[in-house]
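Read off the chains here:
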Amino acid sequence: MALTGIQIFKLTPKKNCKECGSPTCMAFAMKVAQGAVGIDKCPYMSEDAIAQLSEASAPPMKTIEIGKKPFADNKNDTDASFKLGGETVLFRHEKTFVNKTRYASTVSTAMDAAKVDQILTDMAKIDYERIGDRMYVEFIAVDHTDGASADAYAELAKKAAAANRALILNVKDEAAAAAALEAVKDTKPVLNGADASNYEAMNKLATGADVVLGVTGSNVDEIYDTIAAIEKLGNKKLIVDLGSVSVKDAFANAVLLRRACLDKNPDRTAGYPTIANVAKLAPGDAHMQTALATLFTMKYGSIVIVEEMTYAQALPLYGLRQNLFTDPQKAPRIEPGIYPINGAEENSICLTTVDFALTYFLVSGELERSGVPCNLLISDAGGLSVLTSWAAGKFSAGSIAKYIQEFDIENKIKNRTLVLPGKVAVLKGDLEAKLPDWNIVVGPTEAVQLVKFLKDMQAN
Ligand code: SF4
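What counts, and where the lines are drawn
Residues numbered from 1 in each chain as written. Predicted model: local features only at pLDDT ≥ 70, side-chain atom pairs only at ≥ 80, totals over all residues. Heavy atoms only, no water. Helix = DSSP H or I, 4+ residues; strand = E, 2+ residues; numbered from the N terminus. Buried < 20%, exposed > 50% of the residue type's maximum accessible area, 1.4 Å probe, protein only. Contact = heavy atoms within 4.5 Å. Areas by Shrake-Rupley, 256 points an atom, 1.4 Å probe, with all protein chains shown as cover. Domains from an automatic or database assignment. Near = heavy atom within 4 Å. Nonpolar A, V, L, I, M, F, W, Y, C, P; charged D, E, K, R; others polar. Pairing = 2+ DSSP bridges. Axes fitted to C-alpha atoms, helices over the stretch in contact; angles between N-to-C directions. Right-handed = clockwise from strand over helix to strand, strands pointing away. Core = buried A, V, L, I, M, F, W, Y, C linked by side-chain atoms within 4.5 Å. Parallel < 35°, antiparallel > 145°, perpendicular 65-115°, else oblique. Left-handed = near helix turned anticlockwise from the far one by under 90°. pLDDT = per-residue confidence, 0-100. Salt bridge = Lys/Arg side-chain N within 4 Å of Asp/Glu carboxyl O.

**What to know about the overall build of the protein**
Move 1: On a plain count of helices and strands, the protein comes out with 18 helices and 17 strands.
Move 2: When its C-alpha atoms are laid out on the principal axes, the protein stretches across 80 × 65 × 35 Å.
Move 3: A total of 460 residues make up the protein; the buried ones form 48% of that total.
Move 4: Sequence separation of at least 24 residues holds for 66% of the intrachain contacts in the protein that already meet a minimum separation of 6.
Move 5: Entry remark: accessible area of the protein is about 21200 Å², with carbon and sulfur atoms responsible for 53%.

**A few points about the domain arrangement of the protein**
The extent of an interface is frequently quoted as the accessible surface area lost upon association of the parts.
Move 1: Examined at the domain level, the protein breaks down into domain 1 (5-57), domain 2 (63-324) and domain 3 (337-459).
Move 2: The C-alpha centroid of domain 3 is placed 48 Å from the C-alpha centroid of domain 1.

**A closer look at the site of the ligand**
Move 1: Around the ligand sit Pro-13, Lys-15, Asn-16, Cys-17, Lys-18, Glu-19, Cys-20, Cys-25, Phe-28, Cys-42 and Pro-43, and those are all the residues in its vicinity.
Move 2: A per-class count over the shell around the ligand returns seven nonpolar, one polar and three charged.

**Comments concerning unusual backbone geometry**
Move 1: The backbone of Lys-18 shows a phi angle near 75 degrees, a positive value even though the residue is not glycine.
Move 2: With respect to the helices, strands and loops of the structure, Lys-18 is situated in the loop between helix H1 (5-11) and helix H2 (25-34).
Move 3: Under the relative-accessibility criterion, Lys-18 is labelled exposed at 55%.
Move 4: You will see that Asp-408, though not glycine, has its phi angle at about 55 degrees, which is positive.
Move 5: With respect to the helices and strands, the residue Asp-408 is situated in the loop between helix H15 (397-406) and helix H16 (409-412).

**Topic: the sheet that holds strand E7 (residues 166-170)**
Move 1: Ordered in space as E3-E6-E7-E8-E9-E10-E11-E12, the eight strands form a closed barrel in which the pairing is parallel. Pairwise comparison of adjacent strand axes, ignoring direction, gives a mean angle of 25 degrees for this sheet.
Move 2: Summarising the sheet, strand E11 (residues 274-277) and strand E12 (residues 303-305) pair through three bridges and their orientation is parallel. For Ala-276, the partnering residue across the bridge sits in E12 and is Val-304.

**Here's the deal with the pairing of strand E17 (residues 439-442)**
Move 1: As defined by bridge partners, strand E16 (residues 417-420) adjoins E17 across four bridges and the pair is classed as parallel. What sits directly across from Leu-418, in E17, is Ile-440.
Move 2: Taken together, E16, helix H17 (residues 428-434) and E17 form a β-α-β motif whose crossover is right-handed.

**Thoughts on the nonpolar core**
Move 1: Counting residues in each nonpolar core, the largest one holds 85 residues, and the members touching the most others are Val-142, Leu-169, Leu-191, Phe-296 and Ile-303.
Move 2: With residues near it in sequence (within four places) discarded, Ile-303 still touches Ile-66, Leu-84, Arg-102, Ala-104, Phe-139, Ile-168, Ile-239, Thr-274, Ile-275 and Ala-276.
Move 3: One finds Tyr-403, Ile-409, Val-424 and Ile-440 within the second-largest nonpolar core, a separate group that totals 22 residues.

**What about the sheet that holds strand E13 (residues 337-341)?**
Move 1: With mixed pairing, the five strands of this open sheet are ordered in space as E13-E15-E14-E16-E17. The sheet is open, and its two borders are formed by E13 and E17, each paired with just one other strand. For this sheet, the mean inter-axis angle between neighbouring strands, taken without regard to orientation, is 30 degrees.
Move 2: Sheet strands in contact with helix H13 (residues 357-370) are E13, strand E14 (349-353) and strand E15 (374-378), and its direction is about 175 degrees off that of E15.
Move 3: Running over the sheet, helix H18 (residues 450-459) touches E14, E15, E16 and E17 and is turned about 155 degrees from E14.

**Thoughts on the packing of H13 against H18**
If you want to describe how two helices pack, look at the angle between their axes and the distance between the axes.
Move 1: Interhelical geometry of H13 versus H18 gives an angle of 45 degrees and a closest axis separation of 8 Å. The angle between H13 and H18 places the two elements in the oblique class. Every pair of crossing elements has a handedness; the one defined by H13 and H18 is right-handed. Where H13 approaches H18, its residues Val-363, Glu-366, Leu-367, Arg-369 and Ser-370 are matched on the opposing element by Leu-450, Val-451, Leu-454 and Lys-455.

**A short note on the confidence of the model for the protein**
Move 1: Residue-level pLDDT values for the protein average 92, and 96% of them are 70 or greater.
Move 2: Counting interchain partners and residues more than four positions distant, the pLDDT-below-50 stretch residues 71-79 has 24 contacts.

**Notes on the pattern of salt bridges**
Move 1: Within the structure shown, the criterion is met by 21 salt bridges.
Move 2: Lys-100 is the partner of Asp-133 in a salt bridge, and the nearest nitrogen-oxygen pair spans 3.9 Å. Here Lys-100 lies in the loop between strand E2 (82-85) and strand E3 (102-108) and Asp-133 lies in strand E5 (residues 133-136), a separation of 33 residues in the sequence. Each of the two residues, Asp-133 as well as Lys-100, counts as buried.
Move 3: Between Asp-117 and Lys-159 there is a salt bridge, with the nearest N and O atoms lying 2.9 Å from each other. Placement of the pair is Asp-117 in helix H4 (residues 113-125) and Lys-159 in helix H5 (residues 150-161), with a sequence separation of 42 residues.
Move 4: In the salt-bridge network here, residues are joined through shared partners; they are Arg-102, Glu-138 and Arg-321.

**A closer look at the packing of H4 against H5**
Move 1: In contact at an axis separation of 11 Å, H4 and H5 are set at 25 degrees when each is read in the N-to-C sense. Here H4 is positioned roughly parallel relative to H5, judged by the angle of their axes. As H4 packs across H5, the resulting crossing turns out to be right-handed. Together, Ala-113, Val-116, Asp-117 and Leu-120 of H4 and Leu-156, Lys-159 and Ala-160 of H5 make up the contact between the two elements.
Move 2: Tallied by class, residues from the contact of H4 with H5 come to five nonpolar, no polar and two charged.

What follows is the structure, encoded as structure tokens:
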């Protein structure tokens, strides 16, 4: 059971030195109890206290890292690996989800080389940016099918590794697992193949290669017991394969395990990230796989494996994921500044809008589409939309004029035309009074009208 703030306080050095960033040891203890800071922030904890506290204060759900550079080339994946798990709430609105679901396409020893090449080539085509996040297929599941030789499986794993994605080795055959690990262990794949019948051998292979071990079973009790047995062997680098008995069972396993580990009295043996292999739950049915991928993105798949990720599947899935895994307590915003578009320079016209990320990406997309060089000026509007920030007084003639002064716009840009969003046309008069050297132009009310608006402006 988690320790209370008072219990943690009793173990602190009671120096009140503030080096941990808290004003007192008591304040620090309260934050540790809430999970807001780690005990490592205090440099004076005794080894005995650390030993007592680390297990009790650790989040109930473990964070597992998979893969290594160059796979994590997403600017939001600043670490060398993909972090999975580490969730603290059952529902996003309670706080926030932490480590987003990742997606995988599948290659298999049952496929011929042309099919494998086609899947890897098609997968690479899904690569686009949405509101600052790179959307692409981060994982490749490499399936070993009955009868395939160890060498053939190792070759397939090597081919998949060359696609620069993290790997999930779906294999129960010990010899094939050993051969594939030998071939690609430097990429830090998941060895996904332990169950009640083979966990000792698989655990030996996984720990020998220092990779994460995937554990499954025919029901949640068997999964739980196998995890407990592997933990007794000293391995806690695990991920749970939710199984492919049926959709109902896989979904129940996901929910039961997540509830158990985030209960008031957390069961840490249930606290591992999960793999939902929807390719196995609905083989050959891309539409059903998309529906199931949606389900397991919401509850509670850390990696969702489909047969072949297509653009049509990716668009709704990645959009859903982005909605779920953004912090509802923080408005998605971009940094205030000057954003030159279409090769704009100091003589190009200026447009202004707010720092709400959705507004920025909509507007900048339309500006790019127009082909007209222009400077988009983004001021600090509290991460709110145009009308909301205007109503809140955060996007006003005063705030725009202040921003132009603070960012030294008049020395950086010679052009003196500034286009206002049409929804705040009411600011024109005030802004002309505050910026007398500027030609203030009221733009369209909707971003989609910007292309015609700019082209007309350019023609005149
Ligand atoms: Fe107390 Fe340690 Fe924080 Fe100092 S650094 S105030 S000793 S908890």
